[in-house]
Amino acid sequence: MEISSVVTSSAYGSECYLLCDSGHAFVVDPSASASAILREAATRGCTLDGILLTHGHFDHIMAVDTLRLAQPGLPVYIHEKDAPMLTDSEKNAFAFFFGADRHYAPADKLLHEGDVLTLGTTQITVLHTPGHSPGSVCYLDEADGILISGDTLFADNIGRWDLWEGDYDTLRRSLGRLNELDHTLTIYPGHGESARLGAALTRIAAFLP
């Protein structure tokens, strides 16, 4: 599987990733514009099969509905515990930051711990890593050494826990779970640069349980 970052014009600094394998693609956290995402998929010769969300905060879901309009029937995947965030601006934090409403259509597919998604020849495992939000997930492509870590773990920090249903102790337990994975994995976080998992965990060692 190949992974690439789609450049976003957002001021929020959220990362948007395109995963491609055998002519098929998933977009993860569509913070970039729908046109930029579809252009990247076309450049790589891939057809977009779905939208994967690491969690439901507004800065990671901005192009969800415009992508659906551009490609009707495109399914949106989110963990069941974050599903309410798509339709509620209080829960997705848009109201918290801007005092206004911003909501989206409900998800099509609800994810659970251990679900396996197929993209071409790649198997992507869903790891439930709550704490930043109740339904935060990481996406693991073990064969290619890729872990998409969302806002659970960054290259040199961890996600905040003071928004809807966030919890510090739960987040620490999720970080402990990531510490059990192969430290040579490359993490692709929701904000900032990629890094080796082991190096990232070393930098945030004070937060580990």
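Just above, that's the structure.
Keep in mind it's a predicted model, so treat the numbers as computed, not measured.

Asks: Looking at this structure, how should I read unusual backbone geometry?
Replies: When glycine is set aside, most residues are seen to have a negative phi, and most peptide bonds are trans. Here the phi dihedral of Asp 29 falls at roughly 55 degrees; this positive angle occurs in a residue that is not glycine. Topologically, Asp 29 is positioned in the loop between β3 (24-28) and α1 (34-43).

Asks: Help me understand the sheet that holds strand β8 (residues 122-128) in this model?
Replies: Each strand in a sheet pairs with its neighbour through backbone hydrogen bonds, running either in the same direction (parallel) or in the opposite one (antiparallel). An order of β7-β8-β9-β10-β11-β12 is seen for the 6 strands of this open sheet, with the pairing classed as mixed. Looking at which strands have only one partner, the edges of the open sheet turn out to be β7 (116-119) and β12 (195-196). Here 2 bridges tie strand β11 (residues 186-189) to β12, and the two strands are oriented antiparallel to one another. Looking at β12, one finds that Ile 187 is bridged to Ala 195.

Asks: Would you mind showing me how to read the sheet that holds strand β2 (residues 17-21) here?
Replies: Across the sheet, which stays open at both edges, the 6 strands sit in the order β1-β2-β3-β4-β5-β6 with mixed pairing between neighbours. Every other strand in the sheet has two partners, leaving β1 (2-5) and β6 (109-111) as the edge strands with one partner each. Averaged over all pairs of adjacent strands, the angle between strand axes in this sheet comes to 25 degrees, irrespective of strand direction. Pairing geometry for β2 and β3, over 5 bridges, is antiparallel. Bridged to Leu 18 within β3 is Val 27.

Asks: Would you mind going over the layout of surface pockets with me for this structure?
Replies: Where empty space is left can be seen by rolling a probe of water-molecule size over the atoms. The volume enclosed by the largest pocket comes to roughly 170 Å³. Forming the boundary of the largest pocket are Tyr 12, His 57, Phe 58, Asp 59, Asn 92, Ala 93, Phe 97, His 132, Asp 151, Arg 160, Leu 163 and His 191. For the lining of the largest pocket, the residue count by class is 5 nonpolar, 4 polar and 3 charged.

Asks: Any chance you could explain the packing of aromatic side chains here in plain terms?
Replies: The description of an aromatic ring pair rests on the distance of the ring centres and on the angle between the ring planes. With the rule as written, the count across this model stands at 12 aromatic pairs. Ring plane angle 90 degrees and centroid distance 5.3 Å describe the contact between Phe 58 and Phe 94, whose orientation is recorded as edge-to-face. Residue Phe 58 is located in the loop between β4 (47-52) and α2 (64-70), and its partner Phe 94 is located in helix α3 (residues 94-98); the two are separated by 36 residues in the primary sequence. For Phe 58, a relative accessible area of 5% puts it in the buried group. Its relative accessible area of 8% is what places Phe 94 among the buried residues. Ring geometry for Phe 94 against Phe 98: centres 4.8 Å apart, planes inclined by 45 degrees, an arrangement best described as tilted. With Phe 94 and Phe 98 both in helix α3 and 4 residues apart, this pair spans about one turn of that helix. Judged by relative accessible area, Phe 98 falls into the partly exposed class, the value being 43%. Among the aromatic residues, ring-to-ring pairing joins Tyr 12, Phe 58, Phe 94, Phe 96, Phe 97 and Phe 98 into one connected group.

Asks: Is there a simple way to think about helix α4 (residues 168-178) in this case?
Replies: An α-helix turns once per 3.6 residues; consequently, residues spaced three or four apart project the same way. Residues Thr 170, Leu 171, Ser 174, Leu 175, Gly 176 and Leu 178 constitute the buried set of α4. Residues of α4 that are buried in the fold lie against β9 (137-141), β10 (146-150) and α5 (197-203). Looking at where α4 begins, the residue whose side-chain oxygen comes 3.3 Å from the main-chain nitrogen of Asp 169 is Asp 167.

Asks: Just checking my understanding: could you explain a nonpolar patch on the surface for this structure?
Replies: Together, Tyr 12, Phe 96, Phe 97 and Phe 98 make up a nonpolar patch on the protein surface, roughly 420 Å² of accessible area in all. Note that Tyr 12 resides in the loop between β1 and β2.

Asks: Mind showing me how you'd approach the pattern of salt bridges here?
Replies: Summed over the entire model, instances satisfying the criterion amount to 7 salt bridges. With its nearest N and O atoms 3.6 Å apart, the salt bridge here joins Arg 44 to Glu 2. One end of the pair, Arg 44, is in the loop between α1 and β4; the other, Glu 2, is in strand β1, and 42 residues separate them in sequence. The exposure class assigned to Arg 44 is partly exposed, which follows from its relative accessible area of 39%. Salt-bridge contacts for Arg 160 lead to Asp 162; the nearest nitrogen and oxygen are separated by 2.6 Å. For Arg 160, a relative accessible area of 35% translates into the label partly exposed. What makes Asp 162 partly exposed here is its relative accessible area of 48%. Put simply, Glu 2, Glu 40 and Arg 44 are held in one network by salt bridges that share partners.

Calculation notes
Residues numbered from 1 in each chain as written. Predicted model: local features only at pLDDT ≥ 70, side-chain atom pairs only at ≥ 80, totals over all residues. Heavy atoms only, no water. Helix = DSSP H or I, 4+ residues; strand = E, 2+ residues; numbered from the N terminus. Pairing = 2+ DSSP bridges. Axes fitted to C-alpha atoms, helices over the stretch in contact; angles between N-to-C directions. 1 Å grid on protein atoms, 1.4 Å probe; cavity = no way out; pocket = protein on both sides within 12 Å on 5 of 7 lines; lining within 4 Å. Points joined across faces, edges and corners; volume = space filled by probe spheres on them. Nonpolar A, V, L, I, M, F, W, Y, C, P; charged D, E, K, R; others polar. Phe/Tyr/Trp six-rings, centres within 6.5 Å; stacked < 30°, edge-to-face > 60°. Buried < 20%, exposed > 50% of the residue type's maximum accessible area, 1.4 Å probe, protein only. Contact = heavy atoms within 4.5 Å. Polar contact = N/O pair within 3.5 Å; in protein donor to acceptor, adjacent residues only side chain to side chain. Patch = residues over 30% accessible without salt bridge, like charges linked within 9 Å, V, L, I, M, F, W, Y side chains within 5 Å. Areas by Shrake-Rupley, 256 points an atom, 1.4 Å probe, with all protein chains shown as cover. Salt bridge = Lys/Arg side-chain N within 4 Å of Asp/Glu carboxyl O.

From the geometry alone we can't say anything about function, so treat these as descriptive.
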